[in-house]
Amino acid sequence: MIQRRTIGIVGTGNVGVAVAYAIFLQARANEIILIDKNRKKAEGEAMDLTHGQAFVEKTVVHAGDYADLAAAQIVIITAGVAQQPGESRIDLLNRNTAVFRDIVSQLDRHSPDSVLIVATNPVDILTYITQSLSCRDASLVIGTGTMLDTGRFRALIGDYYNVDPRSVHAYILGEHGDSEVPIWSTADIGGVPLMNQPLLGRTFDPDTMHRLFLSVRNAAYEIIDRKGNTSSAIGSVLARMVEVIMDDRRAVLPVSVRLTGQYDIQDICISIPAVLGRNGVEATIQPDLSGAEVEGLRRSAQLLKRQLAAIDL
């Protein structure tokens, strides 16, 4: 019997719709179930996608309730509340924690074996909170982490060296946010390290590379200033994670996972390279980083821990 490939998406805002569209176009699932507190919005988005069915492979898309997720292999959480004028980051986190408490309770009841992918920001803290609230093993709860930042990083490096970004091997690790860390020490193209040597007619200029990293780190601010949100690229990130997990690819991706001593960091979710497959996070990998890069990861973890300590779990 052929296994049905069912994906649940909780939240039909910009990101939820973007990932549903990416999965739909790429035919990563047989069934996509959209869940939102605004049922009419979920129904409208499902109808809109369904009307494109004649142009892609068959995928059933419909609005549903948590009880419909019993057979879902993966549930993507994009729901959350928006920050209000004058509201502090901690107040926003406390409100999102309350939202996630209800979502996770429903998912534990109706879909206890599914892999959960958290996309709502701040993604590292909400991944940790989801793991803490859920009865399922932490390996089944993954945050999108720095996958998007890493994609941006590789794209800009590829542009600088005039090569396909898929031929660039480089990571952004740590927090998905202002304390994220560019990993130059292991960055390479075609097995040739980038640092401190010319390659393909371009020099590795530290000032130029720092400006390149700043463009990565500030990308979300720049996009939000222009269009009000970021959605398309993170939709592609989530579709890739779905592909890897569904097909048991065991691909190595920089995603947010709970660390248990890696780089002497404990009990917080940040991004390091992780092996993803049908069982969620199946292993983590620790690249041999420079001392400054390790310290950057530790600072990133401490920043997140201070924020987490102020939340009412």
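Computed from a prediction, not measured in an experiment: that's the story for all the values here.

J.: Sorry, what's going on with the sheet that holds strand β7 (residues 168-173) here?
T.: Strand pairing in a sheet is mediated by backbone hydrogen bonds. Such pairs are either parallel or antiparallel. Taken in spatial order, the 3 strands of this open sheet run β7-β8-β9, and their pairing is antiparallel. Edge positions in the open sheet fall to β7 and β9 (192-193), since each of these has one partner strand only.

J.: Help me understand the pairing of strand β12 (residues 280-284), please; the structure alone is not making it clear to me.
T.: For a regular strand, side-chain orientation follows a simple rule: the groups alternate between the two sheet faces. As judged from the 4 bridges shared by strand β11 (residues 266-277) and β12, these two strands associate in the antiparallel manner. Paired with Leu-276 across the strands is Val-281, a residue of β12. Counting the residues that bridge the hairpin from β11 to β12 gives 2 residues.

J.: Sorry, what's going on with the packing of aromatic side chains here?
T.: Any aromatic ring pair is given by two values, namely how distant the centres are and how the planes are angled relative to each other. Tallying each qualifying case throughout the model produces 3 aromatic pairs. Both rings, one in Phe-153 and one in Trp-184, keep their centres 5.0 Å apart while their planes meet at 70°; by these two values the pair is edge-to-face. Residue Phe-153 is found in helix α5 (residues 147-161), and its partner Trp-184 is found in strand β8 (residues 181-189); the two are separated by 31 residues along the sequence. Of the two residues, Phe-153 and Trp-184, both sit in the buried class. Seen in terms of ring centroids, Tyr-160 and Tyr-161 are 4.9 Å apart; in terms of plane orientation they differ by 85°. Their pairing is edge-to-face. Taken together, Phe-153, Trp-184 and Phe-204 form an aromatic cluster joined through their ring pairs.

J.: Please explain unusual backbone geometry as it appears in this structure.
T.: Outside of glycine, negative phi angles account for most residues, and trans bonds account for most peptide bonds. Residue Pro-122 is reached from Asn-121 by a cis peptide bond, and omega for that bond is 0°. Residue placement: Pro-122 occurs in the loop between β5 (115-118) and α4 (123-133). The backbone of Asn-162 shows a phi angle near 60°, a positive value even though the residue is not glycine. Along the polypeptide, Asn-162 turns up in the loop between α5 and β7. The exposure class assigned to Asn-162 is exposed, which follows from its relative accessible area of 69%. The phi dihedral of Asn-196 falls on the positive side, at around 60°, and the residue is not glycine. Mapped onto the elements of the fold, Asn-196 is located in the loop between β9 and α6 (206-217). You can call Asn-196 exposed: its relative accessible area is 63%.

Cut-off values and rules
- Residues numbered from 1 in each chain as written.
- Predicted model: local features only at pLDDT ≥ 70, side-chain atom pairs only at ≥ 80, totals over all residues.
- Heavy atoms only, no water.
- Pairing = 2+ DSSP bridges.
- Helix = DSSP H or I, 4+ residues; strand = E, 2+ residues; numbered from the N terminus.
- Phe/Tyr/Trp six-rings, centres within 6.5 Å; stacked < 30°, edge-to-face > 60°.
- Buried < 20%, exposed > 50% of the residue type's maximum accessible area, 1.4 Å probe, protein only.

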